Amino acid sequence: MRAKPTTPSREGDGSSPLGRGATAARTPRRRPLAASLAAATAALLALALLGPVAMVAVGERSAAACLASIEAPRGPALPDCRPEIRWFALPSRLPWTHEAASARAEELGVRAAVAEYIDAAVGRPARAALDSATEALGTAESIVAAGSGRITFDALGPACGAPRLGREAARLGDRRALLEQPDRWLDWHVRVHALRAALGEGDLPRALAIANGYATMDPRDEDLRTTVGAILCLGNSAEAKRGVELLTLNQDDRASKRHAGMARNWGEIRAVLVACAARAGLEPPPAPEDRDAGVADAVEARLAQRARLAAASADRGAAEAKQRALRAIRDLLGSAAALTPEARSDLLAVVLAEDDAIDAVEAAALALPEADGEEPATGEEGAAVIGAAGAAPAGPAPALRAGSPLAIDWLPDRGLARPAVAGSLRARAAARAAELAVAPQLSPPERDGLRAVAGALALDAARELALEGDAPAAIDALDRLGALAPELAPDPARALARSSAWLLAGDRDRALDLIERVDLAAAPPSLRAAVLLQRAGLLASRGRRLDAARAAVLADEESAARSGPGRGAPGARPGPDLLDVRARWTRLALARPPEAAPLRQGSPPAALPADLSAAWPWVGFASLDAPWARADQPALSRALAAWSAARDAPPTTRRALRYAALRRRGDAPPALVPYAALAAQLLGEGEGDAEVWLDAFLALDAPRFSLRHYAFARAEAARWRGDDSSAAAWQRRHDALRAVAADPTRAEIARYLGL
């Protein structure tokens, strides 16, 4: 019997009303779940894709804020920004954020290494920390070179270059880093800084060793090749011969080649080359015949050099060569060519000392040339003390700039703008001028003018002899003929000059004793200000700070009271009143409340702006002939007020101000001693090494001054703050540089190198 097929129930297939209701009931529950799963999946995908991007953005903001806090007011501890690299760790492993995250991680490491290096010189200056940071910066440089090789970083802060240890060391004046591995530097300008660092240390053997190393690399850059060649010329005969080869290339290139429409003159190089050839025992190479580019400038320096070398030579024909050189100098002095008063004084000294055939009439004609009916200007420096002497002698005035007896004005300048003339030769020239002045064939005006020339030459001789370290000879020149100089007529002026001679020769006690015994009752304000200014500096160097502050305040008050020459006089040189500028900076550096007010009455209040990066206004000292460097500009008063407020600010603010000052350098006033002393006051007791900080702060300004001027200023600034060890170190450097510069056979070379 067959079973009947059974019909399956339709309740479960959805065809029955009951099944359709159940399915309809289940479908709404499944759709939200699927949507949720889809949304969750999309969110996870978005998070996986966009999360690393967001991490990079957050890390960039966080790292930038941390790096910005380094130069903001903060405590002594350097903010550690390296942990912010955690934001870039994961994104750097993913293909879509790898490039951005890796670049920012690399930049963070670079900026942190540079920040540690700068902090060791500025934030919390310390020699040991600077040496340690040097290694870290070198490592960062290697990492970038082996990694991205980028030359600019700008994602985490203001654009900066790739780390370069040599460049940063030069920027912060880190002489030790520059000198420890001189062969490591590839950039020519860093090599020049390394050579200057060796000279600045007063270490000529090391400078010669570095120059010999660079010479074997056949330097192609013009400035490096010239610096290497000039330093080699300071060495032995073999080194001088190599120097001649290098300098000859530059001389010929400057005479024949233009670069982008620009040409460089070659007269100074020619002077160094001739001196170098003489030291090597060679005939100097001929002057360039192809002169389509630069010209042979420094004519005065080269004429004086020709006369000196001929006078020192024992070769046949040397006498005739000397006479030719002297005739050329006389022709130049008697021509209508524009000569600075300083150059005329130097050339006149050479003629009077070396030409026995010159008579009184010719000497008077050369010393008192007829101009276009105008009396030659004396300039502000001399005008600062000429007012003390009354009127100049009647008749034609000598076309020589009136010298200043202030020691700061005796410090040497850079370059060969003036001929190199020894102090002994200048003293002989002064004596010869005084001898010729009594000749009966001279008219009274000529006689008086020639006597004034003798006095001016005597003051020049004293200056040069003091710079050579021979104070007794300088004093002798002043005592014998100084009274003939109008600017030295009053006793206080002669005492100031004698004090300057002993000060530059290194005997500060005798210099102070001389100037403390001066009676200023009858002296005019300009001379009183000059004497008091030097007295203040000497008192500070001997540790008598309260007396120094009083003298500085009196000097500033006398300077403010001046109304004679130098205060807008027709003959005054355009630009700031240098005596007034120096008096104001010295007062600020030495005077502290409550004993004395650091700012002149009527000055702006001592206050800092809200934005500390704008605390240091630009005054214009970097170019005294610029239109903005005028006597009545308000920027100087604002700068002095800012400095006064800065040194009295809390330590956290002073640290931020040091960073701000680092970015506003290059405008040091022509008063480097008080400026350096004041900058050291931005460091409180126990806040760091003042010498390391000053190396960094003055690194950009140092090339504006001669190395001897810079070393003298650093030594004096150290004495002002009572740092005897640093003062002794800088004095040793100064004395070593003076020994090189005082050698007549090296005179032009030393001046060209800025010694």
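Before reading further, recall that the structure is shown in the block above.
Below you will find a few notes about this structure.

Analysis parameters
- Residues numbered from 1 in each chain as written.
- Predicted model: local features only at pLDDT ≥ 70, side-chain atom pairs only at ≥ 80, totals over all residues.
- Heavy atoms only, no water.
- Helix = DSSP H or I, 4+ residues; strand = E, 2+ residues; numbered from the N terminus.
- Buried < 20%, exposed > 50% of the residue type's maximum accessible area, 1.4 Å probe, protein only.
- Contact = heavy atoms within 4.5 Å.
- Areas by Shrake-Rupley, 256 points an atom, 1.4 Å probe, with all protein chains shown as cover.
- Axes fitted to C-alpha atoms, helices over the stretch in contact; angles between N-to-C directions.
- Parallel < 35°, antiparallel > 145°, perpendicular 65-115°, else oblique.
- Nonpolar A, V, L, I, M, F, W, Y, C, P; charged D, E, K, R; others polar.
- Expected span 1.5 Å × (residues − 1).
- Arc of directions from axis to C-beta.
- Phe/Tyr/Trp six-rings, centres within 6.5 Å; stacked < 30°, edge-to-face > 60°.
- Lys, Arg positive; Asp, Glu negative; His and termini not counted.
- Salt bridge = Lys/Arg side-chain N within 4 Å of Asp/Glu carboxyl O.
- Core = buried A, V, L, I, M, F, W, Y, C linked by side-chain atoms within 4.5 Å.
- Disulfide = S-S within 2.5 Å.
- Patch = residues over 30% accessible without salt bridge, like charges linked within 9 Å, V, L, I, M, F, W, Y side chains within 5 Å.
- Charge placed at Lys NZ, Arg CZ, Asp CG, Glu CD.

1. Some thoughts on the overall build of the protein chain
Part 1: Within the protein chain, the secondary structure is distributed over 32 helices and 2 strands.
Part 2: By the burial criterion, 52% of the 755 residues in the protein chain qualify as buried.
Part 3: Contacts in the protein chain between residues far apart in sequence, at least 24 positions, make up 71% of those at least 6 positions apart.
Part 4: Of the accessible surface of the protein chain, which amounts to about 32,900 Å², a share of 55% is contributed by carbon and sulfur atoms.

2. Remarks on the packing of helix α3 (residues 98–123) against helix α29 (residues 690–697)
Part 1: At a minimum axis separation of 8 Å, α3 and α29 run at an interaxial angle of 115 degrees. The angle between the axes of α3 and α29 places the two elements in the roughly perpendicular class. Of the residues in α29, those touching α3 at A120, A121 and V122 are V692, W693 and A696.
Part 2: By residue class, the composition of the contact of α3 with α29 is 6 nonpolar, no polar and no charged.

3. Description of helix α4 (residues 127–146)
Part 1: Here α4 contains 20 residues, and its C-alpha end-to-end distance of 29 Å stays within 8% of the 28 Å for a straight helix at 1.5 Å per residue.
Part 2: Three or more residues of α4 are buried, namely L130, A133, T134, L137, G138, A140, E141 and V144. End-on, the buried residues of α4 take up no more than an arc of 165 degrees, which puts them together on one face. Set apart from the buried face of α4 by more than 90 degrees, the exposed residues are A128, E135, I143 and A146.
Part 3: In this structure, the buried side of α4 is in contact with α3, β1 (152–153), α5 (165–171), α6 (175–180) and α29.

4. Section: the packing of aromatic side chains
Part 1: Summed over all chains, the structure comprises 7 aromatic pairs.
Part 2: Ring geometry for W643 versus F697: centroids 6.0 Å apart, planes at 80 degrees, classification edge-to-face. Taken as a pair, W643 in helix α26 (residues 635–647) and F697 in helix α29 lie far apart in primary sequence, 54 residues in all.
Part 3: By relative accessible area, which is 4% here, W643 ends up buried.
Part 4: Seen in terms of ring centroids, Y710 and W730 are 5.6 Å apart; in terms of plane orientation they differ by 85 degrees. Their pairing is edge-to-face.

5. Some thoughts on the side chain of R196
Part 1: In this structure, R196 sits in helix α7 (residues 188–200).
Part 2: It turns out R196 is buried and unbridged, and the closest side chain with the opposite charge, D223, is 12 Å from it.
Part 3: In this structure R196 touches R414, A702, P703, L707 and L753, once residues within four positions along its chain are discounted.

6. Some words on the pattern of salt bridges
Part 1: A full pass over the atoms with the stated rule returns 60 salt bridges.
Part 2: One salt bridge connects R600 with D580, and the closest N-O pair in it is separated by 2.7 Å. Placement of R600 in the loop between α25 (578–590) and α26 and of D580 in helix α25 is noted, with a sequence separation of 20 residues between them.
Part 3: Residue classification places R600 among the buried positions, given a relative accessible area of 17%.

7. Regarding the environment of L527
Part 1: Along the chain, the position of L527 falls in helix α23 (residues 525–541).
Part 2: Accessibility expressed as a relative area gives 0% for L527, which makes it buried.
Part 3: Each C-alpha atom, one on L527 and one on E487, is 9.8 Å from the other, the two residues being 40 residues apart in sequence.

8. Looking at α23
Part 1: An ideal rise of 1.5 Å per residue puts 24 Å on 17 residues; α23 measures up with 24 Å between its terminal C-alpha atoms.
Part 2: Counting buried residues along α23, 16 of its 17 residues qualify, which places the element largely inside the surrounding structure.
Part 3: One or two positions beyond α23, positive phi appears at G543, with a value near 85 degrees.

9. Some remarks on the nonpolar core
Part 1: With 178 residues, the main nonpolar core has V228, W585, W616, W643 and W693 as its most contacted residues.
Part 2: No other element matches α3, which puts 12 residues into this core.
Part 3: Grouped together as the second largest cluster of nonpolar side chains are 39 residues, L326, L352, A360 and L450 included.

10. A few points about the environment of A661
Part 1: Relative to the assigned elements, A661 resides in helix α27 (residues 651–662).
Part 2: The buried category is assigned to A661, whose relative accessible area is 2%.
Part 3: Not counting chain neighbours up to four residues away, the residues in contact with A661 comprise W616, W693 and F697.

11. A look at the state of the cysteines
As used here, a disulfide is simply a covalent bond connecting the sulfur atoms of two cysteines.
Part 1: The full count for this structure, using the stated rule, is 2 disulfides.
Part 2: Note that C233 is cross-linked by a disulfide to C276, the S-S spacing being 2.0 Å. Sign of the S-S torsion, about -90 degrees for the bond between C233 and C276, identifies this disulfide as left-handed. Placement of C233 in the loop between α9 (222–232) and α10 (237–256) and of C276 in helix α11 (residues 267–280) is noted, with a sequence separation of 43 residues between them. Just as C233 is buried, C276 falls in that class too.

12. Description of unusual backbone geometry
For residues besides glycine, phi is generally negative; the peptide bonds are generally trans as well.
Part 1: Between P593 and the following residue, P594, the backbone shows a cis peptide bond with an omega angle of 5 degrees.
Part 2: By secondary structure assignment, the location of P594 is in the loop between α25 and α26.
Part 3: For D218, which is not glycine, the phi torsion reads 50 degrees and is therefore positive.
Part 4: By the element assignment, D218 lies in the loop between α8 (204–216) and α9.
Part 5: Given the relative accessible area of 31%, D218 is considered partly exposed.
Part 6: Notably, A298 is not glycine yet its phi reads approximately 55 degrees, a positive angle.
Part 7: Relative to the helices and strands, A298 is located in the loop between α11 and α12 (299–312).
Part 8: Residue A298 is classed as buried on the basis of its relative accessible area, which comes to 14%.

13. Remarks on the packing of α7 against α8
Part 1: For the pair α7 and α8, the least separation of the axes is 7 Å and the interaxial angle reads 160 degrees. Of the possible angle classes, the one that applies to α7 and α8 is roughly antiparallel. For the pair α7 and α8, contact is made by R191, A194, L195, A198 and L199 and by L204, R206, A207, I210, A211 and Y214, respectively.
Part 2: Grouping the amino acids of the contact of α7 with α8 by side-chain chemistry returns 9 nonpolar, no polar and 2 charged.

14. Digging into a negative patch on the surface
Part 1: Where like charges cluster on the molecular surface, the negative patch consists of D252, E289, D290 and D292.
Part 2: Within the secondary structure, D290 is located in the loop between α11 and α12.
Part 3: Residue D290 is classed as partly exposed on the basis of its relative accessible area, which comes to 39%.

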